[in-house]
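# An overview of the molecular structure
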Amino acid sequence: MTDTVQDLVAGAAALIVGLALGWAVHIAVVRRKLRREQAFFGLPQGAECVLVTHRDSTSAQWSIPRHDALALLGLAAVVENCGAHAEVAPHDTGLQGFGARTEFCVGDPTAHRRLASHLANLLPGVTVHANSENPVERGTFTIGGTAYRVEPGAAEYVLLARLTAGEGDRPVFLAAGQRPVTHRAAVRHLVRNRARLARKHGADGTFCLLLKVVNSQAYGPDVVELVADVTRAASTPAPAEPKGHRAA
């Protein structure tokens, strides 16, 4: 065998070994990323979770509002990627307590019974003005003494939270907004920023973020601003008569 042939054989062997090592590293990175995502969502391989929503009040049949349905589709893709299984359940169905399996609660807390219960029990510092006599105040969030009023099509708010409670260790994710478009925006923010949120808050951490959907009349759910991390204020029981004011 000539030196040239030996060099070619050695070069080919080195190339094969390099490709194999590169592929192994790639697979390891992908698996590590998947494990982190599974830990963040509480969805190990084969796990069960539930997507809880409310029906469209304008429909005579049991149907889901368009933006809520699209939000659930986004969550379903995450569940499938984690190798888990999802069940869709109405908000007024008798469900078990939280913590035993991951739960995604999406909707308007003034109409979504389970979501309203989660806010009352897990985020007692959040007040949702559901039955205000003043139409302008209806749907307003009050957090830490500040009122966040909805301006339809211009400025609408939504709470995005990851919480842990109950007997199990599986998280509850809340997307509680003032209008259906905000629910979809919150879920998109969660899905797109899941790696960053996991790094910042920990794979098993809790958080509550207040997001603002800007000019949804023109941009739909695409333009979202992070108003504040309100975890501490939302977790602290509100005073009997919070002193609210219009959010800047």
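Residues numbered from 1 in each chain as written. Predicted model: local features only at pLDDT ≥ 70, side-chain atom pairs only at ≥ 80, totals over all residues. Heavy atoms only, no water.

## Focus on the overall build of the protein chain
Within the protein chain, the regular secondary structure consists of 7 helices and 10 strands. Accessible area for the protein chain stands at about 13200 Å²; split by element, carbon and sulfur atoms hold 54% of it. (Helix = DSSP H or I, 4+ residues; strand = E, 2+ residues; numbered from the N terminus. Areas by Shrake-Rupley, 256 points an atom, 1.4 Å probe, with all protein chains shown as cover.)

## Quick notes on the layout of surface pockets
In this approach, a probe sized like a water molecule rolls over the atoms, and the result shows the empty space that is left. The volume enclosed by the largest pocket comes to roughly 280 Å³. Lining the largest pocket are 11 residues, and of these Lys-33, Arg-36, Glu-37, Ala-195 and Ala-198 lie nearest its centre. For the lining of the largest pocket, the secondary structure elements donating two or more residues are helix H1 (3–41) and helix H5 (194–201). Here the lining of the largest pocket is built from residues that sort into 5 nonpolar, no polar and 6 charged. (1 Å grid on protein atoms, 1.4 Å probe; cavity = no way out; pocket = protein on both sides within 12 Å on 5 of 7 lines; lining within 4 Å. Points joined across faces, edges and corners; volume = space filled by probe spheres on them. Nonpolar A, V, L, I, M, F, W, Y, C, P; charged D, E, K, R; others polar.)

## Focus: the confidence of the model for the protein chain
For the protein chain, the mean per-residue pLDDT works out to 82, and 75% of the residues sit at or above 70. Taking the mean pLDDT of every element in the protein chain, the minimum, 69, falls on H1 and the maximum, 96, on strand E9 (residues 207–214). Overall, residues 242–248 carries pLDDT values under 50, and its contacts beyond four positions in sequence, including any with other chains, amount to 15 contacts. (pLDDT = per-residue confidence, 0-100. Contact = heavy atoms within 4.5 Å.)

## Details of the packing of aromatic side chains
Under the definition given, this model contains 7 aromatic pairs. Ring geometry for Phe-40 against Phe-173: centres 5.7 Å apart, planes inclined by 65 degrees, an arrangement best described as edge-to-face. With Phe-40 in helix H1 and Phe-173 in strand E8 (residues 172–177), the pair connects residues that are 133 residues apart, well separated along the chain. The two residues Phe-40 and Phe-173 agree in class, both being buried. When the centroid spacing of 5.1 Å and the interplanar angle of 15 degrees are considered together, the rings of Phe-104 and Phe-173 count as stacked. Placement of Phe-104 in strand E3 (residues 102–107) and of Phe-173 in strand E8 is noted, with a sequence separation of 69 residues between them. Given a relative accessible area of 1%, Phe-104 falls into the buried group. Taken together, the ring pairs in this structure connect Phe-40, Phe-41, Phe-104, Phe-173 and Phe-207 into an aromatic cluster. (Phe/Tyr/Trp six-rings, centres within 6.5 Å; stacked < 30°, edge-to-face > 60°. Buried < 20%, exposed > 50% of the residue type's maximum accessible area, 1.4 Å probe, protein only.)

## Observations regarding the packing of helix H2 (residues 66–81) against helix H4 (residues 180–192)
Put simply, H2 and H4 touch, their axes get as near as 7 Å, and they point 15 degrees apart. The orientation of H2 with respect to H4, classified from their angle, is roughly parallel. As for how H2 packs across H4, the hand of that crossing is left-handed. Within the contact between the two elements, H2 uses Arg-66, His-67, Asp-68, Leu-70, Ala-71, Gly-74, Leu-75 and Val-78 and H4 uses Pro-180, Val-181, His-183, Arg-184, Val-187, Leu-190 and Val-191. The class makeup of the residues in the contact of H2 with H4 is 9 nonpolar, 3 polar and 3 charged. (Axes fitted to C-alpha atoms, helices over the stretch in contact; angles between N-to-C directions. Parallel < 35°, antiparallel > 145°, perpendicular 65-115°, else oblique. Left-handed = near helix turned anticlockwise from the far one by under 90°.)

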